[in-house]
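# Topology and contacts: notes
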Amino acid sequence: MAAENHRNGMALKEVWRREENALCADCGKPNPDWASYTLGVFICLDCSGIHRNIPSVSKVKSLRMDHWDEAQVQFLAQHGNAVAKATYEAHVPIYYYRPVHTDCLLLKEQWIQAKYQWKEFMEPGKQPPYSNGLKEGILWKRGRDNGQYFQRRFLLSEKEGCLKYFTKHDAKEPKVIIKIDTINATFQPEKIGHANGLQITYLKDNKTRNIFLYHEDGKEMVDWFNAIRAVLFHYLKVAFPVASDKELKSRLTRNFLKEGYMEKTGPKQKEPFKKRWFTLDHRRLMYFKDPLDAFAKGEVFVGSGDNGYSVKQGLPVGVQGSFTWPFVITIVTPDREYLFTCETERDRQEWVAAFSSVIEQPMTPQEYAIEAYFKLKP
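Presented here is an overview of the structure given in this document.

## Remarks on the nonpolar core
- One finds Leu156, Ile183, Phe187 and Ile200 to be the most contacted residues of the largest nonpolar core, which totals 41 residues.
- Those elements that place two or more of their residues in this core are α5 (105-117), β5 (149-157), β6 (162-166), β7 (176-179), β8 (184-187), β9 (198-204), β10 (207-214) and α7 (218-239).
- By residue number, the principal contributor to this core is α7, which donates 11 residues.
- With residues up to four places along the chain from it excluded, the contact list for Ile183 reads Leu163, Ile178, Ile200, Thr201, Tyr202, Ile228 and Leu232.

## Here's the deal with the packing of α5 against α7
- The contact between α5 and α7 brings their axes to 10 Å, and the two run at 90°. As far as their axial angle goes, α7 and α5 are roughly perpendicular. When α5 is examined against α7, the residues Leu106, Leu107 and Gln110 are found in contact with a partner set consisting of Gly218, Lys219, Val222 and Phe225.
- Of the residues that constitute the contact of α5 with α7, the class distribution is 4 nonpolar, 2 polar and 1 charged.

## Notes on the layout of surface pockets
- Considering only enclosed or pocket space, the largest pocket measures out at about 1100 Å³ in volume.
- Together, 31 residues line the largest pocket, and Asp181, Arg251, Arg254, Gln366 and Ile370 are the ones closest to its centre.
- When residues of the lining of the largest pocket are traced back to their parent elements, those giving at least two are β9, α7 and α10 (365-376).
- Ranked by residue count, the leading element in the lining of the largest pocket is α10, at 6 residues.
- Counted by class, the lining of the largest pocket contains 14 nonpolar, 10 polar and 7 charged residues.
- Estimates place the volume of the second largest pocket at around 620 Å³.
- Taken together, 18 residues form the lining of the second largest pocket, with Thr102, Phe187, Gln188, Phe256 and Glu259 sitting closest to its centre.
- Looking at the lining of the second largest pocket, the elements that each hand over two or more residues are β8, α6 (189-192), β11 (258-264) and α9 (345-359).
- If one sorts the elements of the lining of the second largest pocket by residue count, α6 sits on top with 3 residues.

Cut-off values and rules
Residues numbered from 1 in each chain as written. Predicted model: local features only at pLDDT ≥ 70, side-chain atom pairs only at ≥ 80, totals over all residues. Heavy atoms only, no water. Core = buried A, V, L, I, M, F, W, Y, C linked by side-chain atoms within 4.5 Å. Buried < 20%, exposed > 50% of the residue type's maximum accessible area, 1.4 Å probe, protein only. Helix = DSSP H or I, 4+ residues; strand = E, 2+ residues; numbered from the N terminus. Contact = heavy atoms within 4.5 Å. Axes fitted to C-alpha atoms, helices over the stretch in contact; angles between N-to-C directions. Parallel < 35°, antiparallel > 145°, perpendicular 65-115°, else oblique. Nonpolar A, V, L, I, M, F, W, Y, C, P; charged D, E, K, R; others polar. 1 Å grid on protein atoms, 1.4 Å probe; cavity = no way out; pocket = protein on both sides within 12 Å on 5 of 7 lines; lining within 4 Å. Points joined across faces, edges and corners; volume = space filled by probe spheres on them.

Here is the structure:
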């Protein structure tokens, strides 16, 4: 018995060490140490918890702590992550969002269920509910001024190239029309305080506007998210006919590079520092009094190093600030220097890394146009 267990253990390690099994089959996290012995996939601890919730489809074990019999090891050897990907992800639409390990639980849950339970991507030509360019339904939307959530009717139309919402279910005229090419959507469960919370941002008069939404049904919320991506993808296909699908995919929705509290002072650098919620959305650094504010109190354009932008730790020479938090960041732009303070050194390092990642990238023609707008602002 001991010899058999040893053989099984060695065979399991051999399969586990294959290059194809080095990342979680569902979220891409390195060094997965769990596996499904009914699907034949190697997965991380977080994804194994989601698999446990669909026991009719997937049964999981720890690769380190649990006993594996010969038949289970052979099944893993015959399958593995590459075979599973070719089977269960054969026809994932280009615009469908594939979550990574840093994404929220909801996105990973829906992805895993869509693949293995609903088998959504196995058949060519299958029309999922988010793919036909039209979606309508009721979502809970946060009121701009009072913070309460109200039911609103939303309509997404590829034909009209926009997302609308109506204050009454039977209203003929929409309260707001959002052009599809200005939309971003990102899941924000912690910020919104709901597991299915989605933040929609869009540009109105070149200023960012936030809408916070949720639906009690997680699948419905993720369907809305992918429907927005589908409509945006088809819009970009027409607008940029020579761009590759891969290039267009990178321009769909995006997660914010960094969010959190910092303190800031005014342009004279003598005003008291005030605590604000900051969001870095690529080259737009926005600050809010409250994380759930509809409009930013201000925005800073973060350009490239080639165009005179840089980030530094500490205060500019000759400046003596009066602030509560001791960890200072200076953003240098061609026009002025912006001073921010962080509560901890770790916060500062994370912000500096996020700013640096933006500053190191060359600017696109569209970004030069945005920079010009920022310079024209009063």
